[in-house]
Structures are given as C-alpha cells and as structure tokens.
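Notes for the structure review
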Amino acid sequence: MVEVLIAIAGTLAGLAFLLALARFVRGPSRVDRVVAFDVLTVISITFIVLVALVENRGVYLDAALVYALLSFLGVIAIARYLEGRF
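By convention here, each chain's residues receive numbers from 1 onward along its written sequence. It should be noted that, the model being predicted, local features are given only for residues of pLDDT at least 70 and side-chain atom pairs only at 80 or more, the latter also being counted only at that level, while totals for whole chains, interfaces and linings use all residues. Excluding hydrogens and water, the side-chain figures rest on all heavy atoms present in the structure.

1. Overview of the environment of Thr11
Where helices and strands are cited, they refer to DSSP runs of H or I of at least four residues and of E of at least two residues respectively, numbered from the N terminus. Turning to its location among the elements, Thr11 is positioned in helix H1 (residues 2–26). Burial classification: accessible surface area is computed with a 1.4 Å probe over protein chains only, and a residue below 20% of its type maximum counts as buried, one above 50% as exposed, and the rest as partly exposed. Residue Thr11 is classed as exposed on the basis of its relative accessible area, which comes to 56%. As used in this structure description, the phrase polar contact means that two N or O atoms lie within 3.5 Å; if the pair is within protein, one of them must be able to donate a hydrogen and the other to accept it, and residues adjacent in sequence are counted only when both atoms belong to side chains. Polar contacts involving the side chain of Thr11 include one to the main-chain carbonyl oxygen of Ala7, which spans 2.8 Å.

Okay, structure coming up:
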C-alpha cells in the first residue's frame, strides 16, 4: 500500500514539475520565472525525499535539507537583486 502511495506522489510531483517548468520557460516576467524556479526546487526536494523513502536511506534526507537551505538563500538573493537592493 505504501509503495502505491509513493508511486502516486511521484507521478503528481512529476506532473507539477512539468507545469512549473512550462511557467519557467514561458515567463512572462522575471518574477514569474523566480517563483517557478523556487517551485522547481521544492519539487526536486520532494523527489529526493521520495527516493530516500524508497531506498530507505536517511543520508538523502540530509542532502534534501541542505538543498532546501541553499535554494532558500538563492531565491532571497535573486529577489533582492530584482528589487534593486543588492
């Protein structure tokens, strides 16, 4: 039962990744692309966590946490740059 739920979560995350990638490519503004980039990183973190569950490896959770922190800092830096305070 758990395997089915993980497969469903992976499928939905894949669909969300494709939709966010379309928003990242199409734009229309830089702010839309930054938000889409943030969504893409969150979905990537979701994939890492799902792989950690399937493989039963806790070290992947550490990698996901580091990736989340770096993603957060990157989006904050880009937002400040776009605002003009950088």
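2. Considering the side chain of Ser44
Here Ser44 is to be found in helix H2 (residues 30–55). Looking at Ser44, its side chain comes within polar contact range of the main-chain oxygen of Leu40, at 2.9 Å. Residues are treated as being in contact if the distance between any of their heavy atoms lies within 4.5 Å. Non-local contacts of Ser44, meaning those with residues more than four positions away in its chain, are made with Phe17 and Tyr67.

3. Digging into the packing of H2 against helix H3 (residues 59–83)
Their axes nearest at 9 Å, the elements H2 and H3 cross at an angle of 175°. Taken together, the axes of H2 and H3 lie roughly antiparallel to each other. In this structure, H2 contributes Arg30, Val34, Phe37, Asp38, Thr41, Ser44, Ile45, Ile48, Val49, Val51, Ala52 and Glu55 to the contact, and H3 contributes Tyr60, Leu61, Ala64, Tyr67, Ala68, Ser71, Val75, Ile78 and Leu82. Considered class by class, the residues forming the contact of H2 with H3 number 15 nonpolar, three polar and three charged. Interaxial angle, 0 to 180 degrees, is taken between N-to-C directions of lines fitted to C-alpha atoms, where a helix line uses only the stretch in contact. Roughly parallel refers to an angle under 35 degrees, roughly antiparallel to one over 145, roughly perpendicular to one between 65 and 115, and oblique to any angle outside these ranges. Charged means Asp, Glu, Lys or Arg here, nonpolar means Ala, Val, Leu, Ile, Met, Phe, Trp, Tyr, Cys or Pro, and polar covers whatever is left, Gly included.

4. Considerations on the UniProt feature "transmembrane region" (unreviewed entry) in the protein chain
UniProt positions are given in the numbering used here, feature names are shortened, and annotations may be inferred rather than shown by experiment. With numbering matched to this structure, UniProt assigns "transmembrane region" (unreviewed entry) to residues 6–25, 34–54 and 60–82. This span, residues 6–25, is 100% helix and 0% strand, and a straight line between its end C-alpha atoms measures 28 Å. The distance from the first to the last C-alpha atom of residues 60–82 is 32 Å, and the span holds 100% helix and 0% strand.

5. Structural notes on H1
The span expected for a helix works out to 1.5 Å for each residue beyond the first. For H1, spanning 25 residues, the distance from its first C-alpha to its last is 36 Å, which sits close to the expected 36 Å at 1.5 Å a residue. For H1, the set of buried residues is Ile6, Ala13 and Ala20. In the stretch just after H1, Gly27 is the one whose phi turns positive, near 85°.

6. Some thoughts on the confidence of the model for the protein chain
Confidence scores labelled pLDDT are given residue by residue by the predictor and lie between 0 and 100. Mean pLDDT over the protein chain stands at 93; residues scoring 70 or higher make up 99%. No element of the protein chain has a lower mean pLDDT than H3, which averages 93, and none a higher one than H1, which averages 95.

7. Concerning unusual backbone geometry
Of all residues except glycine, most have a negative phi; of all peptide bonds, most are trans. In this chain, Gly27 is followed by Pro28 through a cis amide linkage whose omega measures 5°. Secondary-structure assignment places Pro28 in the loop between H1 and H2. Phi at Asn56 is positive, roughly 60°, even though this residue is not glycine.

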